[in-house]
Amino acid sequence: MLQGFSDWLTNTSLNAFLSDTTNMWTWLIVPMSQTIHIVGVAIVMLCVGVLNLKLLGISTSRQSFAQLAAALLPWLWGAMIALFLTGFIQTLAEPGREILNVAFQIKVVLLIAVVWITKSYQKAMKNDPNYWENSPEHQRLGRFLALTSLALWFGIAAAGRLIAYLDMRLES
């Protein structure tokens with residue numbers, strides 16, 4: 001199924017456009033997209049680091065988790081949109097290298113899980129801004145989710161780097 005999708009993408013006009021290295025403008029699109037992707041990763045890692053460390057109680061900030069989240073989540077989601085768009089460009093440029101690579105597939109699964117955790121943070125705070133601080137049970141859950149989130153983000157970063165350096169395509 002993924003092979004067929006990858007083959008289809010390879011035969012699209014967008015792939016032909018992005019793969020055309022004879023034109024200066026198309027030649028620059030992928031490197032610019034990679035640069036923006038790296039900046040987006042830095043923004044996301046900074047935001048999730050600050051938020052998760054706050055939930056773990058490892059923070060010098062006097063702001064509540066809700067206050068930090070209100071300041072950082074717009075940056076996080078904006079960077080995630082940029083990452084999706086730049087990742088889409090990179091995938092269109094080299095579908096087989098991305099879609100068929102087990103590291104890419106792992107990255108996508110981990111991203112789904114970490115987005116769910118982050119949306120859980122937001123949902124709980126929507127009902128009660130102090131949710132993560134108002135009871136020992138919520139604090140324990142917050143610490144568990146923060147540790148899980150940090151581990152997933154490190155896994156996402158590692159998988160992303162492995163895509164670039166290893167051909168880890170699953171054999172059909």
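Structure: see above.
In this text, all values refer to a predicted model and were calculated from it rather than measured experimentally.

A.B. asks: Sorry, what's going on with the nonpolar core here?
C.D. replies: One finds Val-44, Phe-65, Tyr-121 and Trp-132 to be the most contacted residues of the largest nonpolar core, which totals 29 residues. Among the secondary structure elements, those contributing two or more residues to this core are helix H3 (24-55), helix H4 (65-93), helix H6 (102-127) and helix H7 (136-165). Looking at this core, the element that brings in the most residues is H4, giving 10 residues. In contact with Phe-65, other than residues within four places in its own chain, are Leu-51, Lys-54, Leu-55, Tyr-121, Met-125, Trp-132 and Glu-133. Ranked by size, the runner-up nonpolar core spans nine residues in total, among them Leu-9, Leu-18, Ala-93 and Ile-163.

A.B. asks: Looking at this structure, how should I read the environment of Leu-83?
C.D. replies: Mapped onto the secondary structure, Leu-83 falls in helix H4. A sequence separation of 61 residues divides Leu-83 from Phe-144, and the C-alpha atoms of the two residues are 26 Å apart. Contact partners of Leu-83, with chain neighbours within four places excluded, come to His-37, Gly-40, Val-41 and Val-44.

A.B. asks: So what exactly am I meant to see when it comes to the environment of Ala-93 here?
C.D. replies: Here Ala-93 shows up in helix H4. Through-space distance from the C-alpha of Ala-93 to that of Phe-65 is 40 Å; in sequence the pair is 28 residues apart. Once residues within four sequence positions are removed from consideration, Ala-93 is found in contact with Asn-15, Leu-18, Ser-19 and Val-30.

A.B. asks: What am I meant to see in H7 here?
C.D. replies: The periodicity of an α-helix, 3.6 residues per turn, causes residues three or four places apart in sequence to face the same way. For H7, spanning 30 residues, the distance from its first C-alpha to its last is 44 Å, which sits close to the expected 44 Å at 1.5 Å a residue. Every buried residue of H7 is accounted for by His-138, Gly-142, Leu-145, Ala-146, Ser-149, Leu-150, Leu-152, Trp-153, Ile-156, Ala-159, Gly-160 and Ile-163. Among the structural elements, H3, H4, helix H5 (95-99) and H6 are those in contact with the buried residues of H7.

A.B. asks: How should I be thinking about the side chain of Ser-149 in this particular structure?
C.D. replies: Within the element layout of this structure, Ser-149 appears in helix H7. The class for Ser-149 is buried, based on a relative accessible area of 1%. In this view, Ser-149 contacts Asn-52, Val-114, Ile-117 and Tyr-121; residues no more than four positions away in its chain are not counted.

A.B. asks: Which parts of the structure should I look at to understand the side chain of Ser-64?
C.D. replies: As for its position among the elements, Ser-64 is in the loop between H3 and H4. When its relative accessible area of 18% is taken as the criterion, Ser-64 is described as buried. Among all residues touching Ser-64, those that are not within four sequence positions of it are Lys-54 and Glu-133.

A.B. asks: Help me understand the pattern of salt bridges in this model?
C.D. replies: All told, the structure shown has three salt bridges when counted by the stated rule. Salt-bridge contacts for Arg-97 lead to Glu-94; the nearest nitrogen and oxygen are separated by 3.1 Å. Residue classification places Glu-94 among the partly exposed residues on the basis of a relative accessible area of 36%. Sharing partners across several salt bridges, the network here consists of Glu-94, Arg-97 and Glu-98.

A.B. asks: Hey, could you run me through the packing of aromatic side chains in this one?
C.D. replies: How two aromatic rings sit relative to each other is given by the distance of their centres and the angle of their planes. Scanning the model with the defined rule gives five aromatic pairs in all. Ring centres of Tyr-131 and Trp-132 lie 4.8 Å apart, and the angle between their planes is 85°; this geometry places the pair in the edge-to-face category. Through pairs of rings, three or more aromatic residues link up here, namely Phe-65, Tyr-121, Tyr-131 and Trp-132. Between the NZ or CZ atom of Lys-119 and the centre of the ring of Trp-77, over which it lies, the distance is 5.3 Å.

A.B. asks: I'm lost on the environment of Arg-97 in this one. Help?
C.D. replies: Within the fold, Arg-97 resides in helix H5. Placed 91 residues apart in sequence, Arg-97 and Ser-6 show a C-alpha to C-alpha distance of 9.1 Å. Only 3.3 Å separates the side chain of Arg-97 from the backbone oxygen of Ala-164, close enough to count as a polar contact.

Criteria and cut-off values
Residues numbered from 1 in each chain as written. Predicted model: local features only at pLDDT ≥ 70, side-chain atom pairs only at ≥ 80, totals over all residues. Heavy atoms only, no water. Core = buried A, V, L, I, M, F, W, Y, C linked by side-chain atoms within 4.5 Å. Buried < 20%, exposed > 50% of the residue type's maximum accessible area, 1.4 Å probe, protein only. Helix = DSSP H or I, 4+ residues; strand = E, 2+ residues; numbered from the N terminus. Contact = heavy atoms within 4.5 Å. Expected span 1.5 Å × (residues − 1). Salt bridge = Lys/Arg side-chain N within 4 Å of Asp/Glu carboxyl O. Phe/Tyr/Trp six-rings, centres within 6.5 Å; stacked < 30°, edge-to-face > 60°. Lys NZ or Arg CZ within 6 Å of the ring centre and 35° of its normal. Polar contact = N/O pair within 3.5 Å; in protein donor to acceptor, adjacent residues only side chain to side chain.

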